[in-house]
Amino acid sequence: MNNEMGNGRSAPSGPSRVCLIGAGSSGITAAKALHERGIPFDCFEKSDRVGGNWVFANKNGMSSAYRDLFINTSRPRMQYSDFPMSESFPDFPHHTHIAAYFRDYVDHFGFGEKISFETSVEHASRREDGTWEIQLDSGGIRLYDALLVANGHHWLPRWPEPAFPGADTFAGEQFHSHSYLDSSVFAGKRVVILGMGNSAMDISVEASYVADRTYLAARHGVWIVPKYMFGRPTDQFPDHAQMPFKIRKRLKHLVLKTYTGSPERYGLPKPDHRLGDAHYTASSRILDRISHGAITPKPNIESLAGSQVRFVDGSTVDADVVLYCTGYKISFPFFDEDLICAPDNHIELFRRVFQPDIPNLFFIGLLQPLGATMPLAEAQGAWIGEYLQGRYALPSPAKLRADIAADQAAMRKRYVASKRHTIQVDVNDYLHALAKERRAGVARARSSSGSGSFVCPPVRT
Ligand SMILES: Cc1cc2nc3c(=O)[nH]c(=O)nc-3n(C[C@H](O)[C@H](O)[C@H](O)COP(=O)(O)OP(=O)(O)OC[C@H]3O[C@@H](n4cnc5c(N)ncnc54)[C@H](O)[C@@H]3O)c2cc1C
Ligand SMILES: NC(=O)c1ccc[n+]([C@@H]2O[C@H](COP(=O)([O-])OP(=O)(O)OC[C@H]3O[C@@H](n4cnc5c(N)ncnc54)[C@H](OP(=O)(O)O)[C@@H]3O)[C@@H](O)[C@H]2O)c1
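Only a predicted model underlies this, so the values are computations on that prediction, with no experimental measurement involved.

Student: What is the right way to read helix 4 (residues 198-208) from this model?
Tutor: Within helix 4, ten of the eleven residues are buried, which leaves the element mostly enclosed by the surrounding structure. Within helix 4, burial applies to Asn 198, Ala 200, Met 201, Asp 202, Ile 203, Ser 204, Val 205, Glu 206, Ala 207 and Ser 208. The inward-facing, buried residues of helix 4 contact strand 11 (190-194), strand 12 (213-217), strand 13 (224-225), strand 16 (281-282), helix 6 (286-291) and strand 21 (321-324).

Student: What is the right way to look at the site of ligand 1 in this model?
Tutor: Surrounding ligand 1, one finds 30 residues, the nearest of these being Ser 26, Glu 45, Asn 53, Asn 60 and His 154. One of the side-chain N or O atoms of Glu 45 is found 2.6 Å from an oxygen atom in ligand 1. Interatomic distance of 2.8 Å between a side-chain N/O atom of His 154 and an oxygen atom of ligand 1. For ligand 1, whose free accessible area comes to 990 Å², the fraction covered by protein is 93%.

Student: Is there a simple way to think about the site of ligand 2 in this case?
Tutor: Around ligand 2, 26 residues are found, and the nearest of them are Asn 198, Ser 199, Arg 219, His 220 and Gln 368. One of the side-chain N or O atoms of His 220 is found 2.4 Å from an oxygen atom in ligand 2. When ligand 2 sits alone it has 910 Å² of accessible area, and the protein chains cover 88% of it. Among the elements that line the shell around ligand 2, the one with the most residues is helix 4, at three residues. Class assignment for the residues of the shell around ligand 2 results in ten nonpolar, 13 polar and three charged.

Student: Sorry if this is basic, but what is going on with the pattern of salt bridges here?
Tutor: When the charged atoms of two side chains lie near each other, side chains of opposite charge can form a pair. All told, the structure shown has 23 salt bridges when counted by the stated rule. A salt bridge links Arg 401 to Asp 357, with the shortest nitrogen-to-oxygen separation between them at 2.6 Å. Of this pair, Arg 401 sits in helix 8 (residues 397-414) while Asp 357 sits in the loop between strand 22 (328-329) and strand 23 (361-363); the two residues are 44 residues apart in sequence, bridging distant segments of the chain. Given the relative accessible area of 38%, Arg 401 is considered partly exposed. Shared partners join several salt bridges into a network, and the residues in it are Arg 158, Glu 161, Lys 329, Asp 344 and Lys 419.

The rules behind these values
- Residues numbered from 1 in each chain as written.
- Chains lettered and ligands numbered in written order.
- Predicted model: local features only at pLDDT ≥ 70, side-chain atom pairs only at ≥ 80, totals over all residues.
- Heavy atoms only, no water.
- Buried < 20%, exposed > 50% of the residue type's maximum accessible area, 1.4 Å probe, protein only.
- Helix = DSSP H or I, 4+ residues; strand = E, 2+ residues; numbered from the N terminus.
- Contact = heavy atoms within 4.5 Å.
- Near = heavy atom within 4 Å.
- Polar contact = N/O pair within 3.5 Å; in protein donor to acceptor, adjacent residues only side chain to side chain.
- Areas by Shrake-Rupley, 256 points an atom, 1.4 Å probe, with all protein chains shown as cover.
- Nonpolar A, V, L, I, M, F, W, Y, C, P; charged D, E, K, R; others polar.
- Salt bridge = Lys/Arg side-chain N within 4 Å of Asp/Glu carboxyl O.

Scope: geometric values only; no functional claims are made or implied.
Following this line, the structure appears as structure tokens:
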């Protein structure tokens, strides 16, 4: 197949059969999996460097990192299995360390030349014969046998929908955490921050040192997990996927409640769920700042008018800035919506990777883990590599569908209903289940048993 049409720059010289969109932490580990298996691929990256979200003020305009961002999943939990982070890094490194780590990973495994930088995929469509037609911002169109999508899901702001009554009349400034760079914007101002996720925790702490007043508003309570407990990173406490989930959950809940007490003790809303039933909110500093009176908890915003913010309990404050830390939308701007979309962040995939109707389309890092994303993206990349080599066979379409339905039902049962809990996974459970599925799929491929199972035709190398 001639895989080049039009006037694309950086034309590949050989047969490139797999296209990978994005060289953030998910894209690079998928690229490494393809590279070490000898599967030819082209990776297109909008930015001038790898690292995605972890490149502060990234040229791609998509990073949500702020100047003082530190990871909230500890170093050993975040690193890839075969490339440890430097021992010289702290337990929770700064974004500059993390971005450097991703650069080093690519250099170490030696696939950097397969990434076309400052090249954006504008459109991806699938022909009748299954070939992917990839249109680049350069105007070129290329054809591929398979498509891997690693475009990230924390770059398109989710503003409150609908906007709060009177938001258009508010005299001060309103912005979303995606645009937040550093606390200088809050100096001497009265600030209302909305949300109880990690962005709201970090940013309200930062604001509290420079703002005239900092209010933290929330519509739901959450359990706030300190980064350290009993002298060690909290996410390094043992968590065995083999132990029944309910017991693990109870134990963790009990330990946290004993350690920090209930959020209500600090004036925060009472959580309507147990620890583990919502995405992890980690902060060692927020409760301290609240207890010093530097941050005042408030319930949800009801409306805005002039310079006033009214809360649902009827109280009002004067404010200069309202910052919405209200999360992100999953989006694939390069797909036609009738092919792939994620309304309200819902997208049905087999184990968050395989689109059940399109056997040559895969997603990497499209999950929200209770833990770090990188080891999961690494396992997903290896899984896709096996599949593209024909060594792994999917279950039959009926089984795929049943698995997706069961997974969705389990997620609905387990997590608080919210647009932020649509792609949620537990790291250890996910890795454990994925390893099991990979073994089953390798056995299916070997026996070709698959009455109805699908074996990907090996990508020509
Ligand atoms: C403030 C913040 C802090 C976080 N902290 C943590 C943490 O401590 N631990 C953790 O595990 N996770 C954390 N996360 C989650 C975060 O999503 C992951 O850490 C990680 O960035 C996911 O990597 P990714 O490669 O999937 O996406 P991204 O990092 O977003 O990378 C996507 C890449 O795709 C490229 N791209 C997108 N569209 C195109 C296109 N059309 N053409 C070409 N290239 C394209 C982008 O340029 C980018 O380089 C945090 C998220 C935020 C917002
Ligand atoms: N230091 C770090 O490592 C760090 C820092 C920042 C972010 N992150 C990561 O980045 C990702 C995004 O985090 P995030 O905090 O930006 O978003 P998030 O986790 O999606 O949290 C959004 C928050 O906004 C609330 N919210 C949404 N819409 C609302 C509305 N209309 N009215 C009132 N409240 C509303 C949500 O409440 P409900 O629960 O009621 O929906 C939730 O509390 C997460 O993976 C997070 O872990 C990490």
